[in-house]
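Working through the structure, step by step
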Amino acid sequence: MAVTLFSYQKGTSPMHRIPALVKIIFLLIFSIFVCFNKGQASDLAFYIKNASCIFIALLIFFIASPSVKTLLALQPVLFLGFLVTLFKTFDFITFTFSKEGLIEGLLYTLRFLLTSLVASVVFKTTSSIQIKDALEQVQNCLAKILPVIKKINPALLLSLTINFIPMIFDTWNKIELAAKARSPKKRFSIFKIRIFYAEFSALFSCLLYKAEITRKALLNRS
């Protein structure tokens, strides 16, 4: 299945019309609030805080014209959360079960899922140019106090870093489809390992090339 996590999609939803800087600041605040670990499972404030996070994430999701593809793209997040929960719950050395580890793992999965959902919505409704322009607004304000920031140009570096995430998924999908089209269905496992190594090498080379092209494109628009 093709993974399109954090990739931009054109649209006319209310989330598309919100300024990019507002969405980026909101994502930063929401991520801190979600990961802020205060209280225990027996406290009322604990449940109120997590229920509020779920409500906000779902609200943002529905404002951005909900799509099943957006939820399906979060499957890798659930898989990682399952692995973390599994290793926190069971000690495979002593073969013991930890209830506290289970709760901690489930909370980690919930927070990771909510943060990823909001981030996916933000980046699906915000283009790379809008992200760069929003970061440059902050950079220009800081440059009035510290002129050296203008020479360092952190807005360009941050925008490249942020937009590199969906580029990874998009490039991997294309490489994987190309490899499947050129590979026989039934082969030995050793052959599959060689294919995976070739795919990973191609991914690394393509990402370096695309990163350089994106950097030049953003510089030309500066």
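Reference entry: report on the structure contained in this document. (Residues numbered from 1 in each chain as written. Predicted model: local features only at pLDDT ≥ 70, side-chain atom pairs only at ≥ 80, totals over all residues. Heavy atoms only, no water.)

1. Some remarks on the packing of aromatic side chains
Per the counting criterion, the structure on display carries 4 aromatic pairs. Looking at Lys-49, its charged tip hangs above the ring of Phe-33, at a distance of 6.0 Å from the centre. (Phe/Tyr/Trp six-rings, centres within 6.5 Å; stacked < 30°, edge-to-face > 60°. Lys NZ or Arg CZ within 6 Å of the ring centre and 35° of its normal.)

2. Examining the environment of Ser-120
On the secondary structure map, Ser-120 appears in helix 6 (residues 99-124). You can call Ser-120 buried: its relative accessible area is 0%. In this structure the C-alpha to C-alpha distance between Ser-120 and Thr-70, which are 50 residues apart in sequence, comes to 7.5 Å. (Helix = DSSP H or I, 4+ residues; strand = E, 2+ residues; numbered from the N terminus. Buried < 20%, exposed > 50% of the residue type's maximum accessible area, 1.4 Å probe, protein only.)

3. Digging into the packing of helix 5 (residues 75-89) against helix 6
Two numbers describe how helix 5 lies on helix 6: the axes approach to 8 Å, and their chain directions differ by 165°. It follows from the interaxial angle that helix 5 and helix 6 lie roughly antiparallel. Both helix 5 and helix 6 take part in a crossing whose hand is right-handed. Seen from helix 5, the contacting residues are Val-77, Leu-78, Leu-80, Gly-81, Phe-82, Val-84, Thr-85, Lys-88 and Thr-89; seen from helix 6, they are Gly-101, Leu-102, Glu-104, Gly-105, Leu-106, Tyr-108, Thr-109, Phe-112, Leu-113 and Ser-116. Residues of the contact of helix 5 with helix 6, tallied by class, amount to 10 nonpolar, 7 polar and 2 charged. (Axes fitted to C-alpha atoms, helices over the stretch in contact; angles between N-to-C directions. Parallel < 35°, antiparallel > 145°, perpendicular 65-115°, else oblique. Left-handed = near helix turned anticlockwise from the far one by under 90°. Contact = heavy atoms within 4.5 Å. Nonpolar A, V, L, I, M, F, W, Y, C, P; charged D, E, K, R; others polar.)

4. A closer look at helix 2 (residues 20-35)
An ideal rise of 1.5 Å per residue puts 22 Å on 16 residues; helix 2 measures up with 23 Å between its terminal C-alpha atoms. Three or more residues of helix 2 are buried, namely Ala-20, Lys-23, Ile-24, Leu-27, Phe-30, Ser-31 and Val-34. End-on, the buried residues of helix 2 take up no more than an arc of 130°, which puts them together on one face. For helix 2, exposure combined with an orientation more than 90 degrees from the buried face picks out Leu-28, Ile-29 and Ile-32. Contacts made by the buried residues of helix 2 are with helix 1 (14-17), helix 3 (44-63), helix 6 and helix 7 (128-143). (Expected span 1.5 Å × (residues − 1). Arc of directions from axis to C-beta.)

5. As for the environment of Leu-74
Tracing the sequence through the fold places Leu-74 in the loop between helix 4 (68-72) and helix 5. Along the chain, Leu-74 and Leu-114 lie 40 residues apart, while their C-alpha atoms are 10.0 Å from each other.

6. Remarks on the environment of Ser-127
Here Ser-127 is to be found in the loop between helix 6 and helix 7. Along the sequence, Ser-127 and Gln-9 sit 118 residues apart, while their C-alpha atoms lie 8.0 Å from each other.

7. Structural notes on the packing of helix 2 against helix 3
For the pair helix 2 and helix 3, interaxial distance at closest approach is 10 Å and the crossing angle is 150°. The orientation of helix 2 relative to helix 3 falls into the category roughly antiparallel. Where helix 2 crosses over helix 3, the handedness of that crossing is left-handed. Across the interface between the two elements, Phe-26, Phe-30, Phe-33 and Val-34 from helix 2 touch Lys-49, Cys-53, Ile-56, Ala-57 and Ile-60 from helix 3. Across the contact of helix 2 with helix 3, the residue classes break down as 8 nonpolar, no polar and 1 charged.

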